[in-house]
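Coordinate inspection notes
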Amino acid sequence: MSTAAPSLHSIRPCLEGAIPAIMATCDPDGTPNVAYISQVVYVDAAHVALSFQFFNKTRQNILRNPRASVLVLDPLTAHFYRLHLLYERTEDSGPVFESMRAQLAGIASHSGMAEVFELKGADIYAVEHIESVAGEGLPAPAPRAGLLHTLRLCSESIARCTGLDELLQGALQGLQHKLGIQHAMVLMLDASAQQLYTVASCGYATSGVGSEIRLGQGVIGMAARERTPVRISHMTHAALYSHAIRESMDAHAAPDAPPLRGMDIPYPGLPEPHSQVAVPLLSAGRLLGVLFAESPEDMRFGFEDEDLLVAIAGQLAAAIDLLQAAPDAPEPLPTPTAAPPVSGSALRVRHFAANDSVFINDDYLIKGVAGAIVWKLLRDHQHTGRVDFTNRELRLDPALRLPDVADNLEARLLLLQRRLQENCPHIHIEKTGRGRFRLCVLRPVVLEDA
């Protein structure tokens, strides 16, 4: 009795890139050539994409003789499969190309080999036949059950949230408790600065709130820049983010410029991640940020995990967009309460107008729009004694230079609130209702505008 040939979907674990594939081609006179290929990617039930990085013998053969065979290995069962392929076309744009390029660039950004890893194209092949290679293997792991129900639970948790802080924490807790993802973070986009900043995290020794990543930097930055999920399942070294530019700027800064070295908030990621997945937060075609997860284990995130995270990220982005687009009309004023007593030594708060960075007793707190906000609040409090403020007045204040579209004000306030909690407990912000918050200052403050 003959056994049906395996389907491309059934061997998707072989297409995760954990173990390089071996590709065989022939030139027109029948001379064979065998080479390793860095990416064999699932496109659909009948096609795969192979990475085109070098114009080598393999490439020359394919352009003359479009048939090839590729040997792939299931990393879980150690079973080999041979794919018989027919070359159809090369794509240098579109979702398949961008996803492959982002993954290669994410790896390259950690290793300093961007030129070596540069993707020239995604070669699309029709899969004519899949052959199971005879040999002993390991038992296949039991299929994962209840994934759709898990997605439902996460979705319901997100749908119940009524505030940004609750939403972000709820989403991360859902990843931890329902998906077993212990290390994750949410980053929001600062479009004017072309970088992302961390607003929430879980599973790390330090929260890293306020840490920044440029578009195109690492797995997170590539997912944001290309607006496509990036998943790496077999990282073998630490993700290193160079500080050379920051050090160079510090060394050549003008005497009256704000200090820069202390403004580098440590990125909270794992020191040696072996699996990472970054999913862009997109709403109505706009990039809002990135949902990122990682693990010290190899092969922790498969294609099913990516599918789940893309679905969760879509709802999370829509919820963020909805909360930030809510009307600014604040709730009625809260019942006045006595201001807490002010005592102790004075806090020296220094503001640098060049980039709106704020330091408290020479320790860096925040910069950018969030820095301009806390400086405005402290000045108003000192000059008039005010403690109650509204989101609406912040949006209308031209000195804060909020962008006209997608200002992310709620995310910036949340970032400021958490930075104060972690670095200056004597000053904090409390939400008092929709569109309202209160500034609490527990020690005398001396303001210096540099």
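On a predicted model such as this, the values are computed, not experimentally measured, just so you know. (Residues numbered from 1 in each chain as written. Predicted model: local features only at pLDDT ≥ 70, side-chain atom pairs only at ≥ 80, totals over all residues. Heavy atoms only, no water.)

**Considering empty space enclosed by the protein**
The criterion, for reference: Cavities and pockets are defined on a 1 Å grid built over the protein atoms alone: a cavity is a set of grid points where a 1.4 Å probe fits but cannot escape, while a pocket is an open set with protein on both sides within 12 Å along at least five of seven lines, and lining residues are those with an atom within 4 Å of any such point. Grid points are joined across faces, edges and corners, and a volume is the space filled by probe spheres set on the points. Gly is placed with the polar residues, together with every amino acid not listed as nonpolar (Ala, Val, Leu, Ile, Met, Phe, Trp, Tyr, Cys and Pro) or charged (Asp, Glu, Lys and Arg). In this description a helix means any DSSP run of H or I spanning at least four residues, a strand means any run of E spanning at least two, and both kinds are numbered starting from the N terminus.
Applying the stated criterion to the full structure yields two cavities of 30 Å³ or more. Quantified by volume, the largest cavity comes out at close to 70 Å³. In terms of lining residues, the largest cavity is bounded by Cys-14, Leu-15, Gly-17, Ile-19, Pro-20, Ala-21, Ile-37, Ser-38, Gln-39, Val-40, Val-72 and Leu-73. Of the residues in the lining of the largest cavity, the class split is nine nonpolar, three polar and no charged. Taken together, Cys-154, Ser-157, Ile-158, Gly-170, Ala-171, Gly-174, Leu-175 and Ile-312 make up the lining of the second largest cavity. Those elements that place two or more of their residues in the lining of the second largest cavity are α3 (147-159) and α4 (164-179). Among the elements that line the lining of the second largest cavity, the one with the most residues is α4, at four residues. Of the residues assigned to the lining of the second largest cavity, the class counts are five nonpolar, three polar and no charged.

**Here we look at the packing of aromatic side chains**
Defined as follows: For Phe, Tyr and Trp, where Trp contributes only its six-membered ring, two rings pair if their centres lie within 6.5 Å, and the inter-plane angle classes them as stacked under 30 degrees, edge-to-face over 60, or tilted in between. To sort residues, take the accessible area from a 1.4 Å probe on protein chains only and compare it with the maximum for the residue type: under 20% means buried, over 50% means exposed, and anything in between is partly exposed. Only when the NZ atom of a Lys or the CZ atom of an Arg is both within 6 Å of the ring centre and within 35 degrees of the ring normal do we say a charge sits over the ring.
Counting across every chain of the model gives four aromatic pairs. Centre to centre, the rings of Phe-389 and Phe-437 are 5.9 Å apart; their planes meet at 20 degrees, and the pair counts as stacked. A residue pair is termed long-range when its members are at least 10 positions apart, and Phe-389 in strand β17 (residues 388-390) and Phe-437 in strand β19 (residues 436-441) qualify at 48 residues. Given a relative accessible area of 4%, Phe-437 falls into the buried group. Ring pairs connect the aromatic residues Phe-352, Phe-359 and Tyr-364, which therefore count as one cluster. Here Arg-12 stacks its cationic end above the ring of Phe-303, 4.0 Å away from the centre of that ring. Sitting above the plane of the Phe-52 ring, Arg-59 keeps its charged end 3.7 Å from the centroid.

**Some remarks on the pattern of salt bridges**
Basically, it comes down to this: A pairing counts as a salt bridge when a side-chain nitrogen of Lys or Arg comes within 4 Å of a carboxyl oxygen of Asp or Glu.
Inspection of every chain in the model, using the stated rule, returns 28 salt bridges. Its salt-bridge partner being Asp-362, residue Arg-348 comes within 2.7 Å of it at the nearest N-O pair. Placement of the pair is Arg-348 in strand β14 (residues 347-352) and Asp-362 in the loop between β15 (357-360) and β16 (363-366), with a sequence separation of 14 residues. Residue classification places Arg-348 among the partly exposed residues on the basis of a relative accessible area of 28%. Each of Lys-376, Asp-380, Arg-386, Glu-393 and Asp-397 takes part in salt bridges that share partners, so that together they form one network.

**Points about the pairing of strand β1 (residues 21-26)**
The two faces of the sheet receive side chains in turn, since in a regular strand these alternate between them. Which entries qualify depends on this criterion: Paired strands are those between which DSSP finds at least two bridges.
Burial of the side chains of β1 is restricted to one face: Ala-21, Met-23 and Thr-25 are buried, whereas none of Ile-22, Ala-24 and Cys-26 on the reverse face is. Summarising the sheet, β1 and strand β2 (residues 32-37) pair through six bridges and their orientation is antiparallel. Looking at the pairing, Cys-26 lines up with Pro-32 of β2. What sits between the antiparallel neighbours β1 and β2 is a turn of five residues, in which Gly-30 has the positive phi angle 95 degrees. Sheet topology note: the β1/strand β5 (residues 67-73) ladder contains three bridges and is antiparallel. When the bridges of β5 are listed, Met-23 appears paired with Val-70.

**As for the sheet that holds strand β18 (residues 427-433)**
As a reminder, the rule being used: The angle between two axes is taken between their N-to-C directions and runs from 0 to 180 degrees, where each axis is a line fitted to C-alpha atoms and a helix contributes only its stretch in contact.
Spatially, three strands are ordered β17-β19-β18 in an open sheet, and the strand pairing comes out antiparallel. Two strands lie at the open edges of the sheet, namely β17 and β18, each paired on one side alone. Ignoring strand direction, the axes of neighbouring strands in this sheet form an average angle of 30 degrees. In this sheet, β19 lies alongside β18 in antiparallel orientation, the contact comprising six bridges. Its bridge partner being in β19, His-428 is matched across the sheet by Cys-440.

**Focus: the side chain of Thr-228**
Formally: When checking whether two residues touch, look at their non-hydrogen atoms; a contact exists if any pair is within 4.5 Å.
Along the polypeptide, Thr-228 turns up in the loop between α5 (218-226) and β11 (230-232). Overall, the relative accessible area of 10% leaves Thr-228 in the buried class. What Thr-228 contacts, discounting residues up to four positions off in sequence, is Glu-98, Ser-99, Ala-102, Ala-223, Ala-278 and Pro-280.

**Some thoughts on the confidence of the model for the protein chain**
Operational definition: How sure the predictor is of each residue is captured by pLDDT, a score from 0 to 100.
In this model, the protein chain carries an average pLDDT of 85, and 86% of its residues clear a pLDDT of 70 or more. Contacts from residues 110-116, a stretch scored under 50 in pLDDT, to residues over four places away or in other chains number 14 contacts. This model gives residues 236-253 a pLDDT under 50, and the stretch forms 25 contacts once residues within four places in sequence are excluded.

**Notes on the environment of His-129**
Tracing the backbone shows His-129 in strand β7 (residues 121-132). Spatially, the C-alpha atoms of His-129 and Leu-83 are 6.1 Å apart, while their sequence positions differ by 46 residues. Excluding anything up to four places from it in sequence, His-129 contacts Ala-5, Arg-82, Leu-83 and His-84.

**Side note on the packing of α4 against helix α10 (residues 409-423)**
For clarity, the threshold we go by: We call two directions roughly parallel when the angle between them is under 35 degrees, roughly antiparallel when it is over 145, roughly perpendicular when it lies between 65 and 115, and oblique otherwise.
Close contact between α4 and α10 brings their axes to 10 Å; oriented N to C, the two are set at 75 degrees. The orientation of α4 relative to α10 falls into the category roughly perpendicular. Seen from α4, the contacting residues are Leu-164, Asp-165, Leu-168 and Gln-169; seen from α10, they are Glu-410, Ala-411, Leu-414, Gln-417 and Arg-418.

**Let's talk about unusual backbone geometry**
The backbone of Gln-194 shows a phi angle near 55 degrees, a positive value even though the residue is not glycine. For Gln-194, a relative accessible area of 44% gives the class partly exposed. Unusually for a residue other than glycine, Asp-362 sits at a positive phi of about 70 degrees.

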